[in-house]
Amino acid sequence: MKSQDVRKQFLDFFESKGHLIVPSAPIVLKNDPTLMFNNSGMAQFKEYFLGNATPKSKRIADTQKCLRVSGKHNDLEEVGIDTYHHTMFEMLGNWSFGDYFKKEAINWAWELLTEVYKIPKDILYVSVFEGNADENVPFDQEAYDIWKTLISEDRIILGNKKDNFWEMGDQGPCGPCSEIHVDIRSDEEKALVSGKSLVNNDHPHVVEIWNNVFMEFNRKADGSLEKLPAQHVDTGMGFERLCMVLQGVQSNYDTDVFTPLIREIELITGAKYTIKAANEEEDKVNIAIRVIADHVRAVAFSIADGQLPSNTGAGYVIRRILRRAIRYGFTFLNTKEPFIYKLVETLSNQMGGSFPEIKSQKTLCTNVIREEENSFLRTLDQGLYLLDKVIEEKSLTDKVGVPPSKIKDVVSGAKVFELYDTFGFPIDLTALILSERGLSLDEAAFESELQKQKERSRAASKVKAGDWHILVNDENQEFIGYDYTEAKVKITRYRKVESVKDGEIYQLVFNMTPFYPEGGGQVGDAGVLETANGDVIYIIDTKKENNQIIHFTKELPANLTEIFKVIVGPDLRRKSAANHSATHLMHQGLRSILGTHVEQKGSLVNSNNLRFDFSHFSKMTDYELSQVEDFVNTRIQEQLPLIERRNIPFQQAVDEGAMALFGEKYGDTVRAIKFGESMELCGGIHVNNTAEIWHFKIISEGAVAAGIRRIEAITSDAVKSYFETQENTLTVVKTVLKNPQDVVKAVHSLQDENVKLKKQLEGLLKDKAKNMKGELAQELQEINGVQFLAKQVDLSSEGAKDLAYEIGTLGKNIFLVLATADEGKPMLSCYISKELAADRNLNAGTVVRELGKYIQGGGGGQPFFATAGGKNAAGISEALAKAVDFVK
């Protein structure tokens, strides 16, 4: 059975059981502070489990793209090593929100597996929760009794809290679960060892394929459990593992989910993937191919959903996954050129039907991955050079317990950690290179440094959230911020949150709020909360979590039950609105001037400025930037009114020309914002008329990633300040130039004069170098047959180079080290006659790197000439004194 049919049969089955089939949410989560990525099928439905929103149907099914590479669910290090863990995977799931429960969930799971997919019953095992006395949660007798009607009791396993009690996180909905496991071993293997004993023991062919979670409890901050007001079902079936079973293979990677990618990797690299490795070398190749086939899926889908690789947050996770794939190709498939980007075409053809975003964003994914590959391969080259230096400098271990005779063979773990931490050089590649040179790594010291870093990171990001204190049962919080900036409100719930970064913060939820929560690129509103007696508490930020708008304060009001007046900061709101509306107009302008290939790839809107990332293949010219500015400012001058349409059906809005942004999750009804011909789906705050933007000015334009450009711009008061600064600068320039009538002409004249003077100075310095040639020739000393000189000279670095070459004409055995300190910046120049360099195996680059340490710097160059710059001019004399050691 093909994987497309497996997916379709699952969705068709649950549609026949009254479930609404919904599309996968984006793999990248943009408005959930607790998760970077969708790591399970239920992540997009958290607000329904928490009772903060009402689902479109009480029964839902889908296939969800998931990513598990960080946090509680982290499978990254297993990926490729075994054959059944993945970074990105599909989770087939069916949900009941307060509707059916254990009986239907279990019976339908069994019906689908054994009657529709026709999996033999005698290769299946099931598990139920054995109970936990410490938490007063009983044995799941109900699930056990249901399973007894479907499967023999000797195939029912009792599972502990670790295996059979599922939790959303440290807090939140949770409950017992019932897993279904499959044993696909050969009959001979089954005869030797019972499959029952291998369940949940990491056997590659006795694996869990489906988990039915019965949400009954809520985990509180103190660890205790309380009953949920309604019972829910949350199930998840691993699509790749299910395909393995139904296609009769022994590995997820042998299914048609992965074989097209594996064949393409073989074709590109010349490597061969074997179902069963015959030796260690084949096994390494197999692992590398599995890593690459898995990782390209995770990276490409993340980029398609809006997350570009970067150095922070979710972007860093994606970069790390891609670099792991590149490194495996570099080390084990001997690929020194970019190639992973070529797999995007295969992935798009294979999965574009079920996930159209990978097809529509194929060019972007290809370009970004190719550029990331080029960048990291350069990093690997740099890392190899730096590793050589670590070895050359004999940065050996001080490891306790290593015999003195062995210390010279063990490289310092602390030094290697610097290489890993600063340059991203993979530790396993370091270990491999060291082993090839007969050296080993002080792994304990490396792990110690790594652990310290992790502890620092955890401490910085650790958040301790208390339970919500419910003051008013209000399930329908109302956002009124499109129409009002003030309101009389009640606090319906609050909690305290502590973190290293922010200290002690309180989070408040109101029955209604005019405060816009961070989202869609726009920052959250700030403002004040006024009490009845006139006290003021500052609301410092507003965010949305699980469909609740949360207001952040540093303190609580004394009387939590009174009615408060809340006021959005008018100045911040006005400026943010101007920047947001200008972003829409600029988007329209870019598409009009550059072409309709331009798509928004990210944005940030606050009260100070706006930032807009978009797809485009080349740097924008000054003329194009000027055109965009003129386009936006024309729309501002036209005084276009805001036409806002709320709760319009999504498809109707798109049919009428509204732009839907990639990577965003839209509901059945949306809000459309229109200024003239610009129409976008947007939940943000906007001006009522484009005239309120006042003026638009682009500050910068540059590259973010391959095929992605970024514009930063300002509006309103920021433009006024910008023009005032420019005017003040011009006044200063005019004063310095003695107030000429034509400032531009005066500057050009000054530049021309400067060029002439530079040429004259260069000529004088060359003459000076020629004159010094004769003087320094008298100072050459013969040492071991080498004409040697190490001296500081009163020249520029370029003059020192000219002088070195002049002296170099005097013979074929010249060794010079000249030092300069032009404007206090030390520079060492080393010249070695080519014949001498070859005869004595000398290298000017090595010389300046060694001597550069004395001036706190470094450098390099060719074997016969190299330079090193530094920071410490006081070290010049010591560097020159040490130069003679190279010819003794």
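Residue positions are counted from 1 within each chain, in the order its sequence is given. Only residues with pLDDT of at least 70 are given local features in this predicted model, and only at 80 or more are side-chain atom pairs given and counted; all residues enter the totals for whole chains, interfaces and linings. Calculation of side-chain values draws on the structure's entire complement of heavy atoms; hydrogens and water are dropped beforehand.

## Details of empty space enclosed by the protein
Taking a probe equal in size to a water molecule and rolling it over the atoms shows the remaining empty space.
In step 1: Cavity: a set of points on a 1 Å grid over the protein atoms alone where a 1.4 Å probe fits but cannot get out. Pocket: an open set with protein on both sides within 12 Å along at least five of seven lines, its lining residues, like those of a cavity, having an atom within 4 Å of a point. Grid points are joined across faces, edges and corners, and a volume is the space filled by probe spheres set on the points. One pass over the structure, following the stated rule, counts 1 cavity of 30 Å³ or more.
In step 2: The computed volume of the largest cavity comes to approximately 70 Å³.
In step 3: Taken together, Ser 3, Gln 4, Arg 7, Glu 90, Phe 239, Asp 256, Val 257, Gln 350, Met 351 and Ser 354 make up the lining of the largest cavity.
In step 4: Put simply, DSSP marks the helices as runs of H or I at least four residues long and the strands as runs of E at least two long, and each gets a number from the N terminus on. When contributions to the lining of the largest cavity are tallied by element, the ones reaching two or more residues are α1 (3-16) and α11 (343-351).
In step 5: In terms of residue class, the lining of the largest cavity is built from 3 nonpolar, 4 polar and 3 charged. Three categories are distinguished: nonpolar for Ala, Val, Leu, Ile, Met, Phe, Trp, Tyr, Cys and Pro, charged for Asp, Glu, Lys and Arg, and polar for the others, with Gly belonging to the last.

## Points about the packing of helix α9 (residues 280-304) against α11
In step 1: The N-to-C vectors of α9 and α11 enclose an angle of 75°; their axes lie 10 Å apart at closest approach. What the angle tells us is that α9 and α11 run roughly perpendicular. Across the interface between the two elements, Ile 292, Val 296, Arg 297, Ala 300 and Phe 301 of α9 pack against Leu 343, Leu 347 and Met 351 of α11.
In step 2: In terms of residue class, the contact of α9 with α11 is built from 7 nonpolar, no polar and 1 charged. Here an angle of 0 to 180 degrees is reported between the N-to-C directions of two axes, which are lines fitted to C-alpha atoms, with helices fitted over the stretch in contact. Angle categories: roughly parallel below 35 degrees, roughly antiparallel above 145, roughly perpendicular from 65 to 115, and oblique for all the rest. Only heavy atoms enter the contact rule, under which two residues are in contact if any of them lie within 4.5 Å.

## So, the confidence of the model for the chain
In step 1: The predictor attaches a confidence to each residue, called pLDDT, with possible values from 0 through 100. The predicted model of the chain averages 90 in pLDDT, with 96% of residues at 70 or higher.
In step 2: Below a pLDDT of 50 lies the segment residues 397-402, which in the model reaches 8 contacts outside its immediate sequence neighbourhood of four places, other chains included.

## Considering helix α18 (residues 570-594)
In step 1: When the terminal C-alpha atoms of α18 are compared, their 35 Å separation across 25 residues agrees well with the 36 Å that a helix rising 1.5 Å per residue should span.
In step 2: Looking one or two places after α18, you find Gly 595, whose phi comes out positive at around 130°. Residue count minus one, scaled by 1.5 Å, sets the expected span of a helix.

## Notes on a negative patch on the surface
In step 1: Residues form patches when they are more than 30% accessible in relative terms and have no salt bridge. Like charges link within 9 Å. Nonpolar side chains (Val, Leu, Ile, Met, Phe, Trp, Tyr) link within 5 Å. Method for areas: the Shrake-Rupley scheme with a 1.4 Å probe, in which residue coverage is limited to the protein chains shown. What counts as a salt bridge is simple: a side-chain nitrogen of Lys or Arg found within 4 Å of a carboxyl oxygen of Asp or Glu. When charges are counted, Lys and Arg are positive and Asp and Glu negative, with His and the chain ends excluded. Here the site of a charge means NZ on Lys, CZ on Arg, CG on Asp, or CD on Glu. A contiguous patch of negative charge on the surface is contributed by Asp 122, Asp 187, Glu 188 and Glu 189.
In step 2: Of the residues examined, Glu 189 reaches a relative accessible area of 34% and is grouped as partly exposed. Buried means the residue's accessible area, taken with a 1.4 Å probe over protein chains only, is under 20% of the maximum for its type, while exposed means over 50%, and partly exposed covers the values in between.

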